[in-house]
Structure formats: structure tokens, C-alpha cells
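# Commentary on secondary and tertiary structure
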Amino acid sequence: MTDSNYFAVFSLPRKLVLDTAALEKTYYAQSRKLHPDRFAATSVAEQEAALAEASRLNDAYRTLKEPIARTEYLLTLEGVQLEEQSKRATDAARASGAEKKQITPPDLLEEVFELNMQLEEMRMNRKMGEDDPQLAKDLASAKANFEGMLAATQTELEALWAKWDAGVDADDTTAKDSAKEKMVALLNKRSYVRNLVRDVNEVLEQE
Amino acid sequence: MAERIVGIDLGTTNSLVGFMQGAEPVIIPGEDGVNLVPSVVAVTPQGISIGNAARATLLASPADAVYSAKRLMGRDLTDVQDELKFFPFQLADDLKPGEVLRLKLGGREFTPPEISALVLQQLKKNAERFFGGPVTKAVVTVPAYFNDAQRQATKDAGRIAGLEIVRLVNEPTAAALAYGLNKKRDGLIAVYDFGGGTFDISILKLHEGIFEVIATNGDTHLGGDDIDNLLIAIALDDIAGDMQVDLRGNGEVLQALRKNVIEAKIALSANETAQLDVRLPDGRKYLREITRAQFEQLAAPVIARTAAPCRQALKDSQLAPEQIDEVVLVGGSTRIPAVRALVDEIFSLSARGRKPHTELNPDEVVALGAAVQADILAGGSAATEELLLLDITPLSLGIEALGGVVAKIIPRNSTIPASATEHFTTGVDGQTNVAIHVVQGERELASDCRSLARFDLKNIPPMTAGIPRIEVKFLIDANGILHVSAREQRSGQVAEIEVKPTYGLTDEQVETMILASFDYAEQDLANRQVIEARNEAETIIAAVEKGAAHPAWQQLTPEEFDQIADAREHLDEVKKGTDYKAIRAAIDALDRATRRFAELMMDSAVSSAIKGQTMQAAGDGLGVAPTAPHAFAPAEFEKEEKK
């Protein structure tokens with residue numbers, strides 16, 4: 001069991017559209033069988049085996065029930081090294097002494113440029129003790145805009161899941177690869193936008 | 001018959017032990033008939049006393065007693081600086097940061113797990129007395145927000161006490177179990193647990209007997225104690241200002257004040273005003289009236305600190321306050337009306353026509369829940385066979401990456417047991433060691449998180465840099481405690497791990513403490529037998545004195561008077577010594593000498609004609625209760641257990 005992937009733990013195909021209510025039901029049923037509480041009176045070896053299986057079950061459920069974690073996990077299984085990419089970027093940034101930079105998604109260039117200007121101005125104002133209500137307003141609306149984008153990524157992601165699943169059903173490698181690439185780009189954009197929202201929040205919260 | 005496992009609430013202020021009686025969890029009282037055992041330990045030349053017996057010492061000679069030691073579990077010198085301002089903990093002088101704390105008490109030194117072990121031992125004895133047989137296994141509760149080191153310290157305390165802790169259960173989860181036992185209702189519940197020293201909030205989803213914790217948050221250093229400390233600080237200021245005497249360092253006044261302040265705090269939950277009334281060492285009295293409004297204003301900042309964890313837990317569980325079906329209140333501090341008002345506001349309860357659950361005694365509910373979990377583990381009853389607790393880890397587990405940043409590997413609120421597998425490699429050709437630093441917490445930098453342990457992966461086969469692939473498995477078990485194992489994948493060799501826990505006792509240290517506690521126990525037992533015998537001697541002497549006023553006394557012969565006087569004098573003399581057998585013999589002699597008097601007294605009673613009573617029984621009739629000291633339940637220290 002330890003060699004099987006999280007989808008296999010739940011006897012599921014490697015597909016992304018998932019009935020989470022059914023997943024929960026299976027999870028509860030499996031937990032009743034595998035939880036360490038059920039093995040309190042057994043031998044140490046049996047307890048250890050149950051512990052390994054129960055933690056595997058929990059890890060699988062935790063990953064599959066969350067849309068983003070599920071997508072990332074599937075991409076990892078498919079050979080995309082999402083984490084590695086980010087780690088490499090971190091290491092490179094450290095080595096060069098520069099701030100870690102993510103590549104700005106091309107369709108966001110203009111908005112991000114303006115946002116960074118506004119954030120810089122806001123920080124300067126803070127330092128000088130000046131107040132610019134219009135700027136604060138602009139930042140708040142920029143934040144709302146980016147939050148809207150975050151919400152939209154969910155819908156976009158679901159569309160890509162369907163494409164991936166269809167590719168799996170038809171055993172169509174080209175369709176799968178295309179969906180995979182788009183998902184990687186979308187997840188990168190999402191994490192980029194999330195960082196932007198975090199930056200804006202940081203500046204706004206200092207008030 | 002299933003195995004006997006008890007449930008223990010090892011609290012900051014009070015501790016309790018419970019078990020499942022049929023389909024209902026019940027609390028086992030101490031020999032004094034009281035359910036709560038104060039988590040107080042006193043060490044005097046007469047021996048170690050625990051619970052109510054230790055409280056007397058706490059007031060008379062505060063330096064010989066310790067309370068709220070739970071605040072020190074799994075912590076080091078640098079962690080407890082704030083506590084030291086308000087708690088009269090006497091730390092050993094030679095402590096260094098990073099070491100397990102040692103407290104000076106009655107000329108000895110004790111680590112916090114040893115103090116907790118003494119409290120556990122008392123509960124164990126109470127349970128053994130109740131069952132009339134040995135108790136060796138327990139479920140023990142801990143604050144949900146306890147970190148790995150604090151949990152480990154609690155497990156160590158169990159081992160020192162000779163009690164196998166089969167499971168650590170989070171306190172709010174235990175409370176939910178106690179409440180949920182008979183209500184087979186599904187829904188979302190929040191448990192707000194505000195005790196003496198810790199605050200927890202947990203949000204659970206109940207589904208057909210499964211108690212799934214979704215999110216938890218809290219503060220392991222926030223409780224009723226903090227409110228007491230504020231009141232004490234104000235009183236001391238008052239005294240310094242108005243009465244021109246600074247009593248900050250005076251342990252006895254501080255204890256008297258603490259007792260006073262706690263009583264006032266409790267009174268203010270029911271009344272509008274309360275009095276502080278403390279006698280100062282110079283004979284003057286400090287008097288002050290506190291109104292509930294003043295109290296609430298003062299306590300507001302402490303109480304308000306519980307709000308942020310509640311909101312975070314709601315956010316983590318992606319729930320709006322209105323989605324919470326039930327709120328359960330746990331812990332003594334939830335009796336404060338201002339606390340209830342805040343809970344009402346956070347979860348908009350009265351706005352929805354709802355009330356929080358307070359049906360079960362907030363002091364007992366956690367122990368009751370522990371008893372339920374104990375029954376689940378024992379697997380022996382129909383009442384709990386459908387129940388299953390799925391608890392979570394309160395803090396994210398991470399490893400220190402390049403530049404001191406934390407790479408999270410198991411996020412907070414993950415259902416336990418949970419695991420994560422990480423791969424490490426070498427950075428230099430031929431490198432045979434890799435150091436890993438494991439931390440717990442939510443902050444970005446490792447230095448801002450709680451250091452759990454440093455691992456050295458050793459004996460890695462020498463290879464070109466970057467070639468070894470060492471797989472390290474991190475596993476958080478169902479107790480919330482971390483386990484680590486490692487394997488070098490290219491060579492298939494199991495890498496050797498040397499674990500250096502950042503805080504905590506080593507196995508060897510725990511072993512010596514187990515032995516030490518047995519050594520002390522013998523000495524303590526002897527001391528206690530003397531004290532018990534003396535108390536009994538005083539009781540019987542008092543009864544004889546009181547008896548002289550009884551008409552039946554005049555019916556005794558001169559010989560009998562002499563015998564009684566001799567026996568009494570002898571007992572008076574012997575009880576000054578430390579030979580408890582001699583004291584016992586003298587008690588028996590006086591008892592025999594007064595037997596006929598007891599009979600006469602009984603005969604003279606109108607409705608009672610029971611013969612053969614002894615002086616002690618007669619004492620009952622006279623209103624002099626032969627009170628047995630309850631410092632310990634009768635103890636048996638089984639030598640065989642000594643390994």
C-alpha cells in the first residue's frame with residue numbers, strides 16, 4: 001500500500017473532477033477500519049502497520065479533498081516538478097542576493113507594474129507620515145481586482161480538469177499534455193496573484 | 001472484560017480522573033470525597049503532599065509548594081521569563097537556556113514532568129483505591145495547542161508516575177466527546193475552552209459518531225491565572241501607594257492575595273461586588289471593594305485575547321460564525337459573564353436564538369471526555385463502539401531550508417496520524433552527514449518558530465555531491481508527537497539518525513526519575529504514616545477531653561480514670577516522636593482504656609444501644625470527627641515494579 005499513490009488509496013482513477021461528498025464517505029468508512037484507536041490492544045507490529053496505513057489515508061484525503069492540492073499532486077505524479085521549480089528559484093535568488101522573483105504572467109504585466117508603483121508610493125507615504133486617501137482607495141480596488149482574478153482561477157481550473165479527464169478517458173496524450181501545461185501556467189499565475197494580494201494586505205494593514 | 005483504562009484531565013489548576021461506568025463517564029473522587037485534585041505539590045521535611053493537602057503548605061510556606069507547573073512543561077529558561085514575574089517558581093540557579101527546567105522545592109530539585117508525575121500518581125492512587133486494584137493505563141488530556149515538546153513532557157510525566165499514557169487527547173476534543181456521547185446529532189460544533197492557564201478553540205464536524213476536528217487554535221499561555229495576576233498587580237500597587245509598603249517579593253502575602261483575588265473573581269461571576277481583605281505582615285489590613293464593572297474592565301484585555309484564535313479557527317475551517325450549530329463552554333474561566341458575552345458575540349448566538357452548552361460541569365467535562373476516549377481505546381463497550389475521534393495537529397511542521405526559511409511539510413489542522421516524506425542530498429563531494437532542523441509553527445523564519453529537534457543523518461555512503469538521495473519520513477502520531485525515520489535510496493541503506501530534541505528529557509533521564517520517585521516514595525510513605533498516626537492521636541485525645549464533660553464519665557472507677565490518664569499521657573509523649581508503630585500502639589492502648597466509657601456513653605444515649613463501640617466511634621457521637629488525613633490514598637509501592 002505504501003507504494004500506491006493517493007488516488008489508488010481511494011481506488012480512484014487519476015482524474016481531477018471528484019465527488020468530494022463520496023470521497024468523505026469513503027474516508028470515514030476507511031478511518032473506522034484503520035484508525036490507530038482500533039488497534040490499541042494489538043501487538044506493536046500491528047499498531048505500527050495501522051499507523052502507517054492510517055497516516056497514508058489521512059495524507060491522501062487531505063491532498064485530494066482540496067482542489068489546488070489535488071491538482072498539484074496530480075501534476076507531480078505526471079512528472080511536473082512544481083515544488084522543485086520554486087525551490088530552484090529560491091536558491092537562485094539567495095545565491096545572487098536578489099529578492100526572489102517570480103516570472104510575471106504576461107497578461108498581468110501592465111496591472112502589476114501599476115500596482116508596484118502604488119505600493120511603493122504608499123510605503124513612502126507611510127515613512128513620511130503622509131496620508132493619501134485616494135491612493136488607499138486605489139489600492140483597495142486593485143486588491144479587489146486581484147481577488148476577483150483568484151476566484152476566477154477556480155472556474156478556469158475546473159474547465160482544465162474536465163479537459164484532462166476527457167484526455168484520460170480517450171487515452172489522448174496530446175490532449176492530456178495540453179491540459180497539463182495550461183494547469184501549470186494557471187497555478188503559477190494563481191500563486192503570483194496570491195502573493196500580490198498578500199503584499200497589498202501587508203501595506204494596507206499597517207494603518 | 002475489557003482492559004481498565006482511566007481518563008485523566010491534567011489541568012493547570014485542578015486535575016481529575018474519570019472512567020466509564022457502563023454507558024456513562026463518571027469522575028472518581030479522592031479519599032476526601034472531592035472530585036478536583038488541585039495541581040499543587042508541596043515538599044516539606046515531613047514529605048511530599050499533593051492536592052488539597054498541599055494547599056495548606058502553599059499558604060503557610062509558599063516556598064515549599066508549587067502550582068500551575070503545567071505552564072512550564074516542555075519549556076526552557078528563555079520561554080518562561082514572563083511567567084516568572086507572576087508565579088513564584090523557584091528555579092535552580094544553574095539553569096541554562098535550552099535545558100529542561102528544574103524547580104527548587106523543599107531542598108530538592110524537580111523538573112516540571114516530575115511535578116506533573118506526582119499529580120498523576122495521586123490520581124492513579126485515587127483510582128486504585130476506588131477500583132481496589134491496580135491502574136496502569138490512562139488517556140491524558142493536553143491543551144489542543146500544545147506543541148510537540150509539551151506533549152512529550154506530558155508523556156514523560158506518565159512514565160515517571162508509572163502510568164502508561166495510551167493516548168494524549170486534546171482537551172476541547174475530549175469535551176466534545178463528553179457532550180456528544182448521548183446526542184447522536186450531526187452538525188458543526190465549536191468548543192471554547194478557557195481554563196486556568198490555557199486557551200483552546202476547536203471546531204468539529206460530527207457525523208454518525210465520527211468526531212472530525214476541522215480546525216484548532218489557541219494560546220498555551222492564556223487563562224484565568226492571567227486575570228488573577230492583573231488583580232494581584234493592582235492590589236500590590238494599591239498597597240505600595242496607600243500603605244507605603246512594597247510587598248512584591250513577599251511570598252506569603254502574594255499567596256494570601258492570590259487566594260483572595262481568586263475568591264473575589266469567582267464571587268463576581270454571581271455578585272455585583274466582592275471584597276479583597278488581606279492581613280499584611282505588619283498587622284494592618286488591606287481592604288478593597290471591587291465591582292463587577294471594574295473587574296470586567298480590568299479583565300477585558302485578557303478575555304479579548306481569545307477572540308483572534310476563534311476567528312482564525314473559523315477562517316481555517318472556511319466557516320462563517322453562523323454556520324456553527326452548537327458552542328460548548330469548557331474550563332472554569334467560562335463562568336465569567338464577560339467571557340460568555342464575548343463568545344455570544346463571536347458566534348452570534350443570541351442573535352440566532354441560541355445558547356452555549358454549559359450542562360456539564362466545565363471543570364469536569366474534559367476528564368469525562370477522557371474517560372470516553374479511554375473506553376473507545378479499551379474497545380469494551382457498546383456505548384462507544386460507534387465513536388471515532390479524528391483529531392488534528394495544531395501547528396504546521398516544517399524544516400529549516402536554505403537561508404533560515406521554513407519549508408512546511410505538514411500543514412496545521414492536518415488530521416493525525418499524518419506523514420510527509422522529504423528528500424535530501426549532499427552539497428559537497430564525499431559528504432557523509434546531513435543536518436536537518438525540524439520546527440513547529442506558522443512563521444516564515446525558522447528562528448521565529450518552535451525548534452523541535454535537530455537530526456543528523458549519518459553514515460551516508462560517500463558519493464558525488466547531489467547524488468545521494470536520502471528519504472526522510474516525518475510522522476505525527478495520533479498523540480500529536482513526531483517520529484522520524486530515514487533511508488538512503490541509492491544504496492538502500494537505512495541512514496542512522498541521531499535525534500537531539502531541543503527541549504525535553506532523554507530516555508535515560510526519564511529512567512532515573514522513575515527510580516528517584518520510588519526512592520522518595522518510600523521516604524514519603526514513612527513520613528506520611530507518622531503524620532497520619534499523629535493526626536489520629538490528636539483526634540482521640542480531643543475526644544477524651546470532650547468526653548470528660550459527659551455524664552457517663554462520672555460512672556468510671558478511680559482505676560479506670562488512672563488507666564485513661566496514663567494511656568493519654570503516654571500517647572502525648574510518644575506522638576512527639578517519629579516511630580509511627582509506637583504511636584499506633586499508644587492509640588490502641590488509649591482506645592482500650594476508654595472502651596468501657598464508650599459503652600457507658602452509648603448506653604446513656606436514648607435511642608442507641610449498640611455495644612462494643614470504641615472511643616473513635618463515640619467521638620463521632622460527640623461531634624469530633626476522626627478525620628483521616630487524605631494527603632494520599634493508602635499507598636502500596638510495589639517493589640516488583642522497580643526495574
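Since the structure is predicted, the reported quantities are computational estimates derived from the model, not experimental observations. Residue numbers here run from 1 along each chain, matching the order of that chain's written sequence. The order in which chains are written sets their letters, starting at A; the order in which ligands are written sets their numbers, starting at 1. Totals for whole chains, interfaces and linings use all residues, but because this is a predicted model, local features are given only for residues with pLDDT of at least 70 and pairs of side-chain atoms are given and counted only at 80 or more.

### Here's the deal with the overall build of chain A
Filter applied, for reference: Numbering of helices and strands starts at the N terminus; helices are DSSP runs of H or I of at least 4 residues and strands are runs of E of at least 2. Any residue with 12 or fewer other C-beta atoms within 10 Å of its own C-beta is exposed, any with 20 or more is buried, and the rest are partly exposed; the C-beta atoms used are placed from the backbone. The contact criterion used here is simple: two residues whose C-beta atoms, placed from the backbone, lie within 7 Å are in contact.
The helix and strand tally for chain A stands at eight helices and zero strands. Counting from the amino terminus, helix and strand elements in chain A follow one another as α-α-α-α-α-α-α-α. Per-residue burial over chain A gives 20% buried out of 207 residues. Sequence-distant contacts, at least 24 apart, represent 64% of the contacts inside chain A between residues at least 6 apart.

### Description of the interface of chain A and chain B
Between chain A and chain B, the residue contacts involve 16 residues of the former and 20 residues of the latter. Among the elements that take part in the side of chain A that touches chain B, helix H3 (residues 44-65) of chain A stands out by supplying six residues, more than any other.

### Quick word on the pairing of strand S19 (residues 397-400) of chain B
Residue and element names in this part refer to chain B. Cut-off, in case you're wondering: When DSSP finds two or more bridges between a pair of strands, those strands are recorded as paired.
The two faces of S19 match: Leu397 and Ile399 on one face and Gly398 and Glu400 on the other face are all buried. With four bridges connecting them, S19 and strand S20 (residues 406-410) associate as antiparallel partners. Paired with Leu397 across the bridge in S20 is Ile410. Counting the residues in the hairpin turn of S19 and S20 gives five residues, including Gly403, whose phi is positive at 80 degrees. The pairing of S19 with strand S22 (residues 434-440) spans three bridges and is classified as antiparallel. Note that in S22 the partner of Leu397 across the bridge is Gln440.

### A word on the sheet that holds strand S13 (residues 199-207) of chain B
Residues and elements named next belong to chain B. Short version of the rule: Structural elements are reduced to axes, namely lines fitted to C-alpha atoms, with helices fitted over the stretch in contact, and the angle between N-to-C directions of any two is expressed from 0 to 180 degrees.
In spatial order, the strands read S17-S12-S13-S14-S18; together these five strands make up an open sheet with mixed pairing. The open sheet has two free edges, formed respectively by strand S17 (326-330) and strand S18 (388-390), since each of these has just one partner strand. Ignoring which end each strand starts from, the neighbouring axes of this sheet average 25 degrees apart. Relative to S17, strand S12 (residues 187-194) runs parallel, the two being bridged by five bridges. Residue pairing for S17: Ile189 is matched across the bridge by Glu326. Where helix H9 (residues 307-316) meets the sheet, it contacts S13 and strand S14 (210-219), and its direction lies at approximately 140 degrees from that of S14.

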